[in-house]
Amino acid sequence: MFPFFELFWINIYSFWLALTMSFFLFLWMLKKLCHRFGINETFFLNRLIWYFLSVFFFSRLFYIISQWSDFKFIKNPIEFFIMSDYNFSLVWAMFWFLVMLFTTLKIYNLKSGKYIDASVLAFLFVAIFAYIWAFMWWQVYGKDTSFGIEMLYTNPFSPVPYEVPIFPLALFYSFFSLLLFSGFYILALFVKIRWLIGYLAIFVFSSLLLILEVFSGKIDFFKTYIWINFTQFVAIFFIIFAWYQLYTIYKSPKKYEAVD
């Protein structure tokens, strides 16, 4: 759609603009939710650089792994991270953020409930806009379908291999992210059990990834050998993890009430 635009004779790449805006939107919502859940916002702000760098590195690394059939011919390792394709693994960014969060909470012996709830809600909020930008930059695109809602990519810079109208997958992700954020944000106003909102949101969003990735037009390293792609593979892990946590809450709900 619009990979870059010109402003005062300077090319502004929408990818980096979108990444920067997503970062600050995430911080803005996370700060708002910290006040809502009674979290000291410095818990996140003091570790902001480490969270960002680790998520950036590992999300890029595992995108490379998922597309290894293309990247295996690169001789210089530095070229792995000098991005001409501007792609990351969303699910691995989510995974590594949670690893960093759980590790920090464990070190400081803090209950994870309200931190998980706030982080997941902030992610759903920024996903609304991030998927729109992913649609504009073509990181997320669908395949040839016949639902009557397909869109044709005609921009000469587009990496989309289809020459026919294709399923607007990123817009569907954005729409469902809006529904999930709105629903769980309202639910959080009434639910007193911490962890419940966060893990339920992880379960539903991961299920959404598992289903909608069927319409993805990308073929990665995983899908050439098994019937699912890398995103679906990690989504299954998140579903199992969230289901176990929800079952634990169901068995002892009073243990997880918001007293921290």
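Each chain has its residues counted from 1, following the order in which its sequence is written. Totals for whole chains, interfaces and linings use all residues, but because this is a predicted model, local features are given only for residues with pLDDT of at least 70 and pairs of side-chain atoms are given and counted only at 80 or more. Calculation of side-chain values draws on the structure's entire complement of heavy atoms; hydrogens and water are dropped beforehand.

Caption draft 1: Representation of the overall build of the protein in the model. Helix and strand labels come from DSSP, where a helix needs a run of H or I of at least four residues and a strand needs a run of E of at least two; each type is numbered from the N terminus. The helix and strand tally for the protein stands at 9 helices and 2 strands. Ordered by position from N to C terminus, the α and β elements of the protein give β-β-α-α-α-α-α-α-α-α-α. Looking at the protein as a whole, 47% of its 260 residues are labelled buried. Between two residues, a contact is recorded if the distance between any of their heavy atoms is within 4.5 Å. Counting only contacts in the protein whose residues sit at least 6 apart along the sequence, the fraction spanning at least 24 positions is 71%. Surface accessibility follows the Shrake-Rupley procedure with a 1.4 Å probe radius. Residue values consider only the protein chains on display as shielding. Surface exposure of the protein reaches about 14400 Å², of which carbon and sulfur atoms provide 71%. Throughout this description, buried means an accessible area under 20% of the type-specific maximum (1.4 Å probe, protein chains only), exposed means over 50%, and partly exposed covers the range between.

Caption draft 2: Local environment of the packing of aromatic side chains. The pairing test for Phe, Tyr and Trp rings, Trp by its six-membered ring, is centres within 6.5 Å, and the orientation test on the planes gives stacked under 30 degrees, edge-to-face over 60, and tilted for anything in between. According to the stated counting rule, one finds 26 aromatic pairs in the structure shown. Where Phe 125 meets Phe 181, the ring centres are 5.3 Å apart and the plane angle is 55°; that geometry is what we call tilted. Of this pair, Phe 125 sits in helix α6 (residues 113-137) while Phe 181 is found in helix α7 (residues 169-188), placing the two residues 56 residues apart along the sequence. Owing to a relative accessible area of 11%, Phe 125 belongs among the buried residues under this scheme. Here Phe 181 falls in the buried class, since its relative accessible area comes to 10%. Taking 5.8 Å as the distance between ring centres and 40° as the angle between the ring planes, the aromatic pair formed by Phe 203 and Trp 243 counts as tilted. Of this pair, Phe 203 sits in helix α8 (residues 196-212) while Trp 243 is found in helix α9 (residues 230-251), placing the two residues 40 residues apart along the sequence. The rings of Trp 28, Phe 125, Phe 129, Trp 133, Phe 181 and Tyr 185 are connected pair by pair, giving a single aromatic cluster. Its end group placed over the ring of Phe 43, Arg 47 keeps NZ or CZ at 4.9 Å from the ring centre. Only when the NZ of Lys or the CZ of Arg is both within 6 Å of the ring centre and within 35 degrees of the ring normal is a charge said to sit over the ring.

Caption draft 3: Spotlight on the side chain of Arg 47. Considering the arrangement of structural elements, one finds Arg 47 in the loop between α2 (42-45) and α3 (48-66). Each polar contact in these results corresponds to two N or O atoms within 3.5 Å; when the atoms are within protein, one needs to be able to donate a hydrogen and the other to accept it, and residues that are neighboring in sequence are counted only if both atoms are side-chain atoms. Polar side-chain contacts of Arg 47 include one of 2.5 Å to the backbone oxygen of Phe 43. Residues within four places of Arg 47 in sequence aside, it is in contact with Thr 42, Thr 104 and Tyr 108.

Caption draft 4: Examining the packing of helix α5 (residues 90-107) against α6 more closely. Angles run from 0 to 180 degrees between N-to-C directions of axes, and those axes are lines fitted to C-alpha atoms, restricted for helices to the stretch in contact. Interaxial distance between α5 and α6 falls to 12 Å at its minimum, and their mutual angle equals 155°. Of the possible angle classes, the one that applies to α5 and α6 is roughly antiparallel. Of the two elements, α5 crosses α6, and the hand of that crossing is right-handed. Of the residues in α6, those in contact with Leu 90, Met 94, Phe 97, Leu 98, Leu 101, Phe 102 and Leu 105 of α5 are Tyr 115, Ile 116, Ser 119, Phe 123 and Tyr 131. The class makeup of the residues in the contact of α5 with α6 is 11 nonpolar, 1 polar and no charged. Oblique is the label for any angle not under 35 degrees, not over 145, and not in the 65 to 115 range, which are roughly parallel, roughly antiparallel and roughly perpendicular in turn. For any helix crossing, the convention is left-handed if the near helix is rotated counterclockwise from the far helix by under a right angle, and right-handed if that rotation is clockwise. Amino acid classes used here: Ala, Val, Leu, Ile, Met, Phe, Trp, Tyr, Cys and Pro are nonpolar; Asp, Glu, Lys and Arg are charged; the rest, including Gly, are polar.

Caption draft 5: Spotlight on the pattern of salt bridges. The salt bridge definition used is simple: a Lys or Arg side-chain nitrogen within 4 Å of an Asp or Glu carboxyl oxygen. Taken as a whole, this structure holds 1 salt bridge when the rule is applied. Here Glu 41 ties to Lys 31 by a salt bridge, and the two come within 3.9 Å at their closest N and O atoms. Remark: Lys 31 occurs in helix α1 (residues 14-37) and Glu 41 occurs in the loop between α1 and α2; sequence separation between them is 10 residues.

Caption draft 6: Broad picture of the packing of α6 against α7. Closest axis-to-axis distance for the α6/α7 pair is 8 Å, and the angle between their directions is 165°. The angle between α6 and α7 places the two elements in the roughly antiparallel class. In this structure, the crossing between α6 and α7 has a hand that is left-handed. Between α6, through Leu 121, Leu 124, Phe 125, Ala 127, Ile 128, Tyr 131, Ile 132, Ala 134 and Phe 135, and α7, the contact on the second element is made entirely by Ala 170, Leu 171, Tyr 173, Ser 174, Ser 177, Leu 178, Leu 180, Phe 181, Phe 184, Tyr 185 and Ala 188. Considered class by class, the residues forming the contact of α6 with α7 number 18 nonpolar, 2 polar and no charged.

Caption draft 7: Region of interest: unusual backbone geometry. The residue Asn 109 is not glycine, and still its phi comes out positive at about 55°. Tracing the sequence through the fold places Asn 109 in the loop between α5 and α6.

By themselves, these figures tell us nothing about what the structure is for.
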